[in-house]
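# Examination of the molecular architecture
Here are the chains, one letter per residue:
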Amino acid sequence: MLNFSRSRAQTRPNRSHPLGGMDFADPKKKNGAVGKILLAAGLTALCILILKQSPSFNSPSPFSRHEEGVTHDNLSRGNLGAVKILQGLFPEPGRLQFIYADLGDPKAMHKIFSENAFDAVMHFAAVAYVGESTLDPLKYYHNITSNTLGIMEAMAAHNVNTLIYSSTCATYGEPEKMPITEETPQIPINPYGKAKKMAEDIILDFHKNSDMAVMILRYFNVIGSDPEGRLGEAPRPELREHGRISGACFDAARGITPGLKVRGTDYKTPDGTCIRDYIDVTDLVDAHVKALNKAKPGHVGIYNVGTGRGRSVKEFVEACKKATGAPIKVEYLPRRPGDYAEVFSDPSKILRELNWSAQHTDLEKSLQVAWRWQKSHRNGYGSSSTASI
Ligand SMILES: NC(=O)c1ccc[n+]([C@@H]2O[C@H](COP(=O)([O-])OP(=O)(O)OC[C@H]3O[C@@H](n4cnc5c(N)ncnc54)[C@H](O)[C@@H]3O)[C@@H](O)[C@H]2O)c1
């Protein structure tokens, strides 16, 4: 267990922000450059040293009792800077703990579950780019499906009986009928969606013989960022080409890329570009809080988390131009493999059963909020990151 701030245990409010980003070196990524290997080895050694010297490594932690607020990550695509901001915001002892670990490491999982009394697991961690999944499918099956199996084994072995799982509309593939309900057949068409569907199957099969409380949330396309401007998305630059549309828009608006590449203008949609159901991250957070509150032993809840309204890529680009005030250059290219034409949710089940509906999602406003953070954090969570442009 690593302590990155003045206090190991810190408070988290009732809401968590599943924001992600990628500006920290992935310790598992292979790289030919000797210097980078040495740097990685040095960092690993440092991590182990800190781990061994950490008071919590040998002495009982406040988290060995049931406490709220735990965050795990291996930082492969996360930001230590974001963790530090959260730790600074909620410094009270016994509330928020960051553990640096890889979910794919069973020994580390066993140790973490042995040393902490968890009430529930919210399993967000994943590699999550459709395009990348088509190029490196094994990475996706390993990181998503196999790691979820590992989490289930750890939960079963340590009697942790509540799971909130981050699934995706990509598990539905390209259904013939819109909107997508939870009963729509799941026929995923890319490795990302397939890996998540398999992970769902593992969870559901395990659940048949257990009294676990399970909530599976199938998110649609997440946008926005912390409305109070503390956290934002800062993906690793090398993943930019796989990135999501909002990141690509902001990169173009900041002049980091020459323009925006829209892939596919011949889909069977009114303007020829893909249609997606965008959901603000603040709404997503609320859905998790409601799901956790309504999770019942022996019960599975599966919910679409979307607005029920589809917006085309062209509409998105227009909203992005307005939100950023930048004249974004748009280049139209052929389709990207693994994309589907039109996807939007029927969110009536989650309204009926969890009393949740999107309250904070407005394409232009959500993009404005995210843009504010982007504009004032040109280097993401890096040290000189607050220069305005
Ligand atoms: N962003 C979306 O539009 C969207 C839509 C549907 C579902 N989801 C799901 O939501 C979840 C979060 O997505 P996101 O957009 O915030 O992605 P993200 O890449 O920003 O965050 C994922 C986090 O998981 C961590 N992680 C990955 N592998 C890990 C491992 N082996 N051990 C520990 N940590 C690991 C990464 O370091 C990163 O911090 C994912 O499960 C994703 O599939 C996201």
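Predicted model only: the values in this text are computed from it and were never measured.

### Quick notes on the overall build of the protein chain
- From N to C terminus, the protein chain includes twelve helices and twelve strands.
- Scored against the burial criterion, the 389 residues of the protein chain give a buried share of 42%.
- Partitioning the intrachain contacts of the protein chain with sequence separation of at least 6 by distance along the chain shows that 83% fall at a separation of at least 24.

### So, the pairing of strand E4 (residues 162-168)
- Where burial is concerned, most of E4 is hidden: six out of the seven residues are buried.
- The sheet contact formed by strand E3 (residues 121-123) and E4 spans three bridges and is parallel. Counted as the bridge partner of Met122 is Ile164 from E4.
- Sheet analysis places E4 next to strand E5 (residues 213-219), joined by seven bridges and oriented parallel. Residue pairing for E5: Ser166 is matched across the bridge by Leu217.
- After leaving E4, the chain enters helix H7 (residues 191-208) and then returns to the sheet as E5, a path that is right-handed.

### Brief notes about the packing of helix H10 (residues 313-324) against helix H12 (residues 363-376)
- Following both chains from N to C, one finds H10 and H12 inclined at 50°, their axes separated by 8 Å at the closest point. Regarding the angle of H10 to H12, the classification is oblique. The element H10 and its partner H12 pack so that their crossing is right-handed. Residues Phe316, Ala319, Cys320, Lys322, Ala323 and Thr324 of H10 touch H12, and the partners they reach there are Leu363, Glu364, Leu367, Gln368 and Trp371.
- Taken together, the residues that form the contact of H10 with H12 break down as seven nonpolar, two polar and two charged.

### With respect to H12
- Given a rise of 1.5 Å per residue, 14 residues ought to cover 20 Å, and the 20 Å separating the end C-alpha atoms of H12 matches this to within 8%.
- Those residues of H12 not exposed but buried are Leu363, Ser366, Leu367, Val369, Ala370, Trp371, Trp373 and Gln374.
- Buried residues in H12 make contact with strand E6 (221-223), helix H8 (245-253), strand E9 (278-280), strand E11 (311-312) and H10.

### Observations regarding the environment of Asp271
- Tracing the sequence through the fold places Asp271 in the loop between strand E7 (260-263) and strand E8 (275-276).
- Asp271 sits 43 residues away from Lys314 along the chain, and the two C-alpha atoms are 7.5 Å apart.
- Those residues in contact with Asp271, other than ones at most four positions away along the chain, are Ser312 and Lys314.

### Observations regarding the sheet that holds E4
- What the four strands build is an open sheet, ordered E3-E4-E5-E10; its pairing is parallel. Among the strands making up the open sheet, the edge pair consists of E3 and strand E10 (300-305). Across the sheet, the mean angle separating the axes of adjacent strands is 15° when strand polarity is ignored.
- Relative to E4, H7 is tilted by about 155°, and along the sheet it contacts E4, E5 and E10.

### Considering helix H9 (residues 281-294)
- For H9, with 14 residues, the first-to-last C-alpha span of 20 Å sits near the 20 Å given by 1.5 Å per residue.
- For H9, the set of buried residues is Val281, Thr282, Asp283, Leu284, Asp286, Ala287, His288 and Ala291.

Rules of the game
Residues numbered from 1 in each chain as written. Predicted model: local features only at pLDDT ≥ 70, side-chain atom pairs only at ≥ 80, totals over all residues. Helix = DSSP H or I, 4+ residues; strand = E, 2+ residues; numbered from the N terminus. Buried ≥ 20, exposed ≤ 12 C-beta atoms within 10 Å, placed from the backbone. Contact = placed C-beta atoms within 7 Å. Pairing = 2+ DSSP bridges. Right-handed = clockwise from strand over helix to strand, strands pointing away. Axes fitted to C-alpha atoms, helices over the stretch in contact; angles between N-to-C directions. Parallel < 35°, antiparallel > 145°, perpendicular 65-115°, else oblique. Left-handed = near helix turned anticlockwise from the far one by under 90°. Nonpolar A, V, L, I, M, F, W, Y, C, P; charged D, E, K, R; others polar. Expected span 1.5 Å × (residues − 1).

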